[in-house]
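# Commentary on secondary and tertiary structure
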2 protein chains.
Amino acid sequence: MYAYKSLDFKSVKVKDPVFSSRVALALGPMLKAVTKKTEETGRIDAFDLKWKEEEPFKPHVFWDSDVAKVLEGMAYILALAPDPELEKLYESWVDRVVSAQQPDGYLNTYFTTVEPGKRFSQLNWAHELYCAGHLIEAAVAGFEALGKRKFLDAMCRYADLLESTFGMEKGKRRGWPGHEELELALIRLYKVTGERRYLCLASYFVEDRGSAPNVFTEEGTTINLSAIQAEVPFRKQMDLHGHTVRAVYFCAGAADVARETGDEELLAVCRRMLDNIIDKRSYITGGIGSTPVGEAITADWDLPESTAYAESCAAIGLAFFCSRMVNCTLEPRYAEMLERVLYNNCMSGVGNSGDTFFYANPIQMLNEKNNSPVLNSGQKGVRQEWYDCSCCPTNYIRFLPRIGSFFWSADEKSAVLHIPAACEIDTPQFGAVVSGTYPAGGKVTITMTKASACDLSLRIPLWAQKFSLKAKGEEFECQQGYVKLSGPWKEGDKIELDLEIKAHLVFPHGNIASSAGRAAIMRGPLVYALESCDNPQGVHNCRIRADASFAETALPGDLGTLLPAVVCDAEFRSSEPGEPLYSSKMPLWNKGNLFAIPYYLWQNRGASDMRIFIPFY
Amino acid sequence: MYAYKSLDFKSVKVKDPVFSSRVALALGPMLKAVTKKTEETGRIDAFDLKWKEEEPFKPHVFWDSDVAKVLEGMAYILALAPDPELEKLYESWVDRVVSAQQPDGYLNTYFTTVEPGKRFSQLNWAHELYCAGHLIEAAVAGFEALGKRKFLDAMCRYADLLESTFGMEKGKRRGWPGHEELELALIRLYKVTGERRYLCLASYFVEDRGSAPNVFTEEGTTINLSAIQAEVPFRKQMDLHGHTVRAVYFCAGAADVARETGDEELLAVCRRMLDNIIDKRSYITGGIGSTPVGEAITADWDLPESTAYAESCAAIGLAFFCSRMVNCTLEPRYAEMLERVLYNNCMSGVGNSGDTFFYANPIQMLNEKNNSPVLNSGQKGVRQEWYDCSCCPTNYIRFLPRIGSFFWSADEKSAVLHIPAACEIDTPQFGAVVSGTYPAGGKVTITMTKASACDLSLRIPLWAQKFSLKAKGEEFECQQGYVKLSGPWKEGDKIELDLEIKAHLVFPHGNIASSAGRAAIMRGPLVYALESCDNPQGVHNCRIRADASFAETALPGDLGTLLPAVVCDAEFRSSEPGEPLYSSKMPLWNKGNLFAIPYYLWQNRGASDMRIFIPFY
């Protein structure tokens, strides 16, 4: 197993046309909006432990996690852009959070004020250990990014309490997080403190979950055990299903445990899960979760277009999982999935104003749905400022500032480039500037900014049908996948990668019932979509030739990026007023053009119809 | 407004190839199975009012309705096929039900044993008035079908209590059924008793619902008011949405009120609702309800194939609504919808063994879903014997015995034939035998069995592209829609209707995002479907020509009806093992045949893949 580490986000300055603008949003309007909402909704006040029955702003079981995620994001943002005002706010929030800690280390607002005395009794649904995980991650982030210890020390005491409570050893009780996340948080805490007990507790959660007698059943859970990955032990799980965010967070934690313990068998189980997602259970955008019912991954090939849930948090979780797996395996398919989910589902979750978010990310939108009074927001086609369950907005604030860390990994002797987006990196062993407009264009130049003995591996994407690679001016013959260029390097050495990026149709597997007879437009890693504001003839009533060819043109100016739009010939069904819902009359087709934009940019110009998969003939 | 009445089910002997076998199932295995389940699950015992906290078989808010519906069905079945054993059981159930009635007439097991003292305080969700409605319908059925008064008298006392409780008059309180159904029950009770107060109460429920101040809001409902048709008064409602069964039951009740009060304006609102369903919100099977989330009708054109809910009860409710509207309007489109839902969604809800039921009726099935541990039964592709919420099985037992009453209507001077299925009818004014194999074949002969002065109107379906009509041996020129043949008739007079019935493609409206680029096979009123057991090359990976032609062949013998199967040329995507989920490679197509069966007969040979809408080119 490889032991590459993703570069620290502080070592990667993001400069590309897609991600850099999103990072800027995170540092600006998003931080402001999310901070405001977190305060307004009572989530911060909850830590004062003053709530009483009948009062408004009753703490909810998952509120602590939202505060923790915003704190985590603030730490990264402060590291990228120091700001005394923000730091003061950050410190005051940390003080209030830590003030809620009980003498024995316990910290949970819900079970301190709303249901005191019920601590650790309703693990299956109460998000108690999930909140603990996010608090721990936030504390680790504060220490790693800013060197601040107060929160970290407090959370070590909480982790110590958890560690002395849960496990198989004498004097401990069995118990698992109802919503996984604590596993990966404990690994982070282990890595920053060196305290092996935290690794052991994470390992315990990964290994014991789903074993008989079932902890959740004994608690009297009414939740389907399969929906929370607790019907069999992870090592016996054959596919990935159930609540999507839980599922991928758990896999990311398991991959961490496999890596830290060198457990190849456990890593193979993680591979099985990720292979299942890649081969049979993911949308073309990298989205996972096929239904709002239980927010779940369901079954092989079950990828309905109309109800794609593809939650933003699931996409972020999948990026975490893929990145860990890439670092352990250097498997090109996993990197491809990482790139797919980053550029499409992860980016679509945030609007261009930076303060609106999709919870679910539709891949097909019928605008009428926006006006339907009976659909819940998870199925709506308009980004919202906040949600009652607002996990997604608070996830972006901690995800986007670190996005550069997905591009590069390294170990002592080598650097690995996964995503050739423009950036500057600088580590003690290695320094380079990646230039180009990727993925607007496919020409990428890597210029060494310091002498280095490291080898450099870089990824030729599997989607790249034509490509060339030059190192220090010389052609380098290679295959798709990771290509290793041996060091040493001098300052100023150049590597030139040229990937052909042009729009083409992508055909979903014939077993996907919902997409039968349809194809999508992709251009490099970006999925394209038809939006009704660009296609006045409609987006649901058209078809294209299977061998359609595409021209490129400028995006509408208000979308503000140098990525191109894509245009192609198409046919549109003619329709007459009063046409019946189902008719024996064969459709008539009119010639016309389709205009497609990068999927992630849709719904930035009002509510609209949208589709990715177009009937072909 | 017309005042046709559907013929009493006892006047119509059903003899056709589709419905007659389902009626036989209802009288045999279905009655047995449903009776057993109703007893086993504690639903009957609940009426003994002996349940105490902590005991098993805790009465549920909707249990009374299940018992009522089985009692209603038993009454019809006893009328069709007297059986002393069954009658004894029926009497004993009635005794137990009536024994639970309180001195003031109130009858509800849940609010007598589980939450005593909370009567009428949680109308929004508690199904209290819904249960009252079904009890009243059952009592009316017992009187109408069997002449039994005990249950009816008891339910009149309950209705009197309701009538003196709810309304706008001094001394009454406002209140509406959380789940509508009581409205139409009260009309039935009014018609059988002549007691106008019951009509007034029904009218009050129809008119006041949704008015400000909102009764449900004042109760502190957490339910979306739109989901229960309570956000605006019915007359201001512009489309039909929300919980599907509630919505259509309410419309049926409103249509009854419109008719009994001669209110053309109210009828126009009912028309608007039914037009909205027919024009924009129904599946090709007549199914309504596009999502399991809230079991709801959602928005115009929102008819996803993968999550079609199309609940059996909604189909039955839509048949009720359509039938009432046909009787008031003789609108051919409404009769067409009635026929569509009867032959497709209504019939698919019951398996060929008679003791298994779909709750939701999928229009596309990916077999893998059946193995998914995380999907709820409402989305599963296998009929079940019973459901925790078992409204559908208990609806069939009261629906199927009466199915003949949908075929014919009459008033003093005329008879109207809506569905030309083989049957014998006999009323004081009119008698006829309808012979033929409709809808296996389109030749229908109506032979008068008595002299009659009545006019006869009969429907030429809008789907019939070729047809001819002869009366007493002479060609009769006519259009599609209702055709009036004037009486008088002698015994032996014949009318010969010849409808061309052949398989052809039907194209969904271009605005239906989910079915873009696809078409369905229909043959007469029957929708056809591809089932994987007949199509070893798969059902989700094929395409057909837009001008495909069809041959007919015998159905597999185990499906046991003389309806034909349909075969056509098609192309199947070739696939290689290990093909990626999304590929740039253009699909290759192999020639082959598709084999389609009537949709309603699917899933009678085990779990299978199924689809109705096939990509065309």
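For the structure given in this document, a descriptive report is provided here. Note that the structure is a prediction, hence the values are computed from the model and not measured.

## What to know about the overall build of chain A
Assigned secondary structure in chain A consists of 15 helices and 25 strands. Here chain A has a C-alpha radius of gyration of 24 Å; the compact-globule value for 617 residues is 25 Å, and the two agree. With respect to the principal axes defined by its C-alpha atoms, chain A has extents near 75 × 70 × 50 Å. With 617 residues in all, chain A has 58% of them scored as buried. Contacts in chain A between residues far apart in sequence, at least 24 positions, make up 69% of those at least 6 positions apart.

## Concerning the relation of the copies chain B and chain A
Rotating chain B by 180° and moving it 0.0 Å along the rotation axis overlays it on chain A with an RMSD of 0.0 Å. On the angle and the small slide along the axis, the relation comes out as a two-fold axis. Scanning chain B for the C-alpha nearest the rotation axis identifies Tyr617(B), at a separation of 2.7 Å. An overlap of 100% is found between the interface residues of chain B and their copies at the interface of chain A, pointing to a shared contact surface.

## Concerning the interface of chain B and chain A
On the side of chain A, 65 residues touch chain B, which itself brings 65 residues to the contact. Going through the elements one at a time, α11 (264-280), α14 (368-371), β16 (504-508) and β22 (582-583) of chain B are the ones with two or more residues in the side of chain B that touches chain A. No other element matches β16(B), which puts 4 residues into the side of chain B that touches chain A. Considered class by class, the residues forming the side of chain B that touches chain A number 25 nonpolar, 25 polar and 15 charged. Across 2 bridges, strand β16 (residues 504-508) of chain A lies against β22(B) in antiparallel orientation. Bridge pairing in β22(B) places Pro508(A) opposite Tyr582(B).

## Observations concerning unusual backbone geometry
Geometrically, the link from Tyr438(B) to Pro439(B) is a cis peptide bond, its omega value of 5° lying close to zero. Take Pro439(B): it is sitting in the loop between β9 (431-436) and β10 (443-448). With an omega of 0°, the peptide bond running from Gly487(B) to Pro488(B) counts as cis. With phi around 60°, Leu49(A) is a residue other than glycine that occupies positive phi space. Mapped onto the elements, Leu49(A) comes out in the loop between α1 (19-40) and α2 (63-80). Residue classification places Leu49(A) among the partly exposed positions, given that 15 C-beta atoms sit within 10 Å.

## Regarding helix α15 (residues 391-399) of chain B
A turn of α-helix holds 3.6 residues, and therefore any two residues three or four places apart point the same way. All names here are of chain B. The buried fraction of α15 amounts to 9 of the 9 residues, a majority that puts the element mostly inside the structure. Inspection of α15 places Cys391, Cys392, Pro393, Thr394, Asn395, Tyr396, Ile397, Arg398 and Phe399 among the buried residues, and these make up the whole buried set. The inward-facing, buried residues of α15 abut α1 (19-40), α2 (63-80) and α12 (312-329).

Cut-offs used in this document
Residues numbered from 1 in each chain as written. Chains lettered and ligands numbered in written order. Predicted model: local features only at pLDDT ≥ 70, side-chain atom pairs only at ≥ 80, totals over all residues. Helix = DSSP H or I, 4+ residues; strand = E, 2+ residues; numbered from the N terminus. Rg over C-alpha atoms; globule rule 2.2 N^0.38 Å. Buried ≥ 20, exposed ≤ 12 C-beta atoms within 10 Å, placed from the backbone. Contact = placed C-beta atoms within 7 Å. Least-squares fit on C-alpha atoms with pLDDT ≥ 70 in both. Nonpolar A, V, L, I, M, F, W, Y, C, P; charged D, E, K, R; others polar. Pairing = 2+ DSSP bridges.

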